[in-house]
Amino acid sequence: MSNISVFRVPGFARRRAGGGRVADDWAGHVRSELALDLPDEDIGEDLDDCLDLYEMGSKPRCEEVEYLGLVRDARDRLLRGRGSKP
């Protein structure tokens, strides 16, 4: 009998493959929060597009500032990753 030990990491492949799902869940969570904060807005999947395609002056100034701030915050949270809510 050999005394060679085998290093095993059960579920390693499963966790690695599921890592994308965690990121997808986090993105969905952030988008859900944004939808609750902006219920009357049609927010798409790509928040950069929401910011790039936004027409300045299309809302009253106070609403515009709130909208842009919330979308930027959500986009930044997605870029920073899970658990980084300010």
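In what follows, the structure referred to is the one given above.
Residues numbered from 1 in each chain as written. Predicted model: local features only at pLDDT ≥ 70, side-chain atom pairs only at ≥ 80, totals over all residues. Heavy atoms only, no water.

Asker: Could you clarify how one ought to interpret the packing of aromatic side chains in this entry?
Answerer: Two measures describe an aromatic ring pair: the distance that separates the ring centres and the angle between the ring planes. Taken as a whole and assessed by the stated rule, the structure comprises one aromatic pair. Directly above the ring of Tyr67 sits Lys59, whose terminal nitrogen or CZ lies 5.0 Å from the centroid. (Phe/Tyr/Trp six-rings, centres within 6.5 Å; stacked < 30°, edge-to-face > 60°. Lys NZ or Arg CZ within 6 Å of the ring centre and 35° of its normal.)

Asker: Which parts of the structure should I look at to understand the nonpolar core?
Answerer: Generally speaking, nonpolar side chains in soluble globular proteins are found buried as a group. In this structure, Trp26, Val30, Leu34, Leu38, Leu47, Cys50, Leu51, Tyr54, Tyr67, Leu68, Val71 and Ala74 together form the largest nonpolar core, which totals twelve residues. Those elements that place two or more of their residues in this core are helix 1 (12-37), helix 2 (47-52) and helix 3 (61-80). The residues touching Cys50, leaving out its near neighbours within four places in the chain, are Ile43, Gly44, Tyr67 and Val71. (Core = buried A, V, L, I, M, F, W, Y, C linked by side-chain atoms within 4.5 Å. Buried < 20%, exposed > 50% of the residue type's maximum accessible area, 1.4 Å probe, protein only. Helix = DSSP H or I, 4+ residues; strand = E, 2+ residues; numbered from the N terminus. Contact = heavy atoms within 4.5 Å.)

Asker: Is there a simple way to think about the side chain of Lys59 in this case?
Answerer: Residue position: Lys59 is located in the loop between helix 2 and helix 3. Here Glu41 takes part through its side chain, which lies 2.8 Å from a polar atom of the side chain of Lys59. Contact partners of Lys59, with chain neighbours within four places excluded, come to Glu41, Tyr54, Glu64 and Tyr67. (Polar contact = N/O pair within 3.5 Å; in protein donor to acceptor, adjacent residues only side chain to side chain.)

Asker: Is there a simple way to think about the pattern of salt bridges in this case?
Answerer: Working definition: two side chains of opposite charge can pair if their charged atoms are close together. The tally for this structure, following the rule as stated, stands at six salt bridges. Residue Glu33 pairs with Arg77 through a salt bridge whose shortest N-O separation is 2.6 Å. Pair noted here: Glu33 is in helix 1 and Arg77 is in helix 3, with a separation of 44 residues, a long-range link. We note that Glu33, like Arg77, is buried. One salt bridge in this structure joins Lys59 and Glu41, with 2.8 Å as the shortest N-O distance. Of the two residues, Lys59 sits in the loop between helix 2 and helix 3 while Glu41 sits in the loop between helix 1 and helix 2, which places them 18 residues apart along the sequence. Judged by relative accessible area, which is 18%, Lys59 ranks as buried. By sharing partners, the salt bridges in this structure join Asp48, Arg75 and Asp76 into a single network. (Salt bridge = Lys/Arg side-chain N within 4 Å of Asp/Glu carboxyl O.)

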